[in-house]
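# Coordinate inspection notes
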Amino acid sequence: IEFTAREPLRPGFGEFLDWLEHCAIPFVVVSSGFRFYIEARLAPWRERIHAIHALELEQEGGYMRLRLDHDHSREAMPKEWILRGYDCDERIAIGDSLSDFEMVRAADRVFARDRLLQHLQARHMPVSPYDDFFDVMQILAGEWEQRVG
């Protein structure tokens, strides 16, 4: 867990959270990773994150088992269902893994990199490539500024 906590996030993450707070927009994490890893990695920013949805492990009788708080049989972390559970004007998905593909269905705007980007582009789905959180912030700021002003 200590190694995970020391791993840097993509550049611009803190600044992205600053900008979202300034805009009064909540930031929600939906991950297929284990909660204890996600919490360790995001510890410096935890109070600024509206919610974290991640996999939970329980210990029982010398065994560990995955605790599921839903009845979705297709996936352990039903990202699409979780994202749809938020009542908001616009749902934005930022992902890099094929495990984020289902979440894309619930998003109004998608930022992708790596395997997720390739997967979405191969299916001719709308997506914005990104390298870091500065990219996401710049694109969203430009789009939202056009809508408002």
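In case you missed it, the structure is sitting above this.
This write-up is about the structure you can find in this document. On a predicted model such as this, the values are computed, not experimentally measured, just so you know. (Residues numbered from 1 in each chain as written. Predicted model: local features only at pLDDT ≥ 70, side-chain atom pairs only at ≥ 80, totals over all residues. Heavy atoms only, no water.)

Now for the side chain of Asp-132. Position of Asp-132 among the secondary structure elements: in the loop between strand E6 (128-129) and helix H7 (133-148). Within the local environment of Asp-132, its side chain forms a polar contact with the backbone nitrogen of Phe-134, the two atoms lying 3.0 Å apart. In this structure, Asp-132 is in contact with Arg-10 and Pro-11, ignoring residues within four places of it in sequence. (Helix = DSSP H or I, 4+ residues; strand = E, 2+ residues; numbered from the N terminus. Polar contact = N/O pair within 3.5 Å; in protein donor to acceptor, adjacent residues only side chain to side chain. Contact = heavy atoms within 4.5 Å.)

On to the pattern of salt bridges. Within this structure, the stated rule accounts for 13 salt bridges. Salt-bridge contacts for Arg-46 lead to Glu-39; the nearest nitrogen and oxygen are separated by 3.3 Å. For Arg-46, a relative accessible area of 27% translates into the label partly exposed. The class of Glu-39 is partly exposed, set by a relative accessible area of 25%. Across the pair Arg-105 and Glu-102 runs a salt bridge whose closest N-O atoms are separated by 3.2 Å. Overall, Arg-105 belongs to the partly exposed group, its relative accessible area being 44%. Overall, the relative accessible area of 14% leaves Glu-102 in the buried class. Look at the salt bridges and you will find they share partners, linking Arg-10, Asp-96, Arg-113, Asp-114 and Asp-131 into a network. (Salt bridge = Lys/Arg side-chain N within 4 Å of Asp/Glu carboxyl O. Buried < 20%, exposed > 50% of the residue type's maximum accessible area, 1.4 Å probe, protein only.)

This part is about the packing of aromatic side chains. For the coordinates displayed, the defined rule picks out 10 aromatic pairs. Ring centres 5.2 Å apart and planes at 70° place the aromatic pair Phe-13 and Phe-133 in the edge-to-face group. Here the residue Phe-13 occupies a position in helix H2 (residues 13-22), and Phe-133 occupies one in helix H7, the gap between them amounting to 120 residues. For Phe-13, a relative accessible area of 5% puts it in the buried group. Summarising the aromatic geometry, the rings of Phe-34 and Phe-36 are spaced 5.8 Å apart at their centres and angled 5° between planes, so their arrangement reads as stacked. Across the ring face of Tyr-130, the terminal group of Arg-113 is positioned such that the distance to the ring centre comes to 5.8 Å. (Phe/Tyr/Trp six-rings, centres within 6.5 Å; stacked < 30°, edge-to-face > 60°. Lys NZ or Arg CZ within 6 Å of the ring centre and 35° of its normal.)

So, about the pairing of strand E1 (residues 28-34). As paired elements, E1 and strand E2 (residues 51-60) share 4 bridges and run parallel to each other. Paired with Val-30 across the two strands is His-53, which belongs to E2. (Pairing = 2+ DSSP bridges.)

These values are about where atoms sit, not about what they do.
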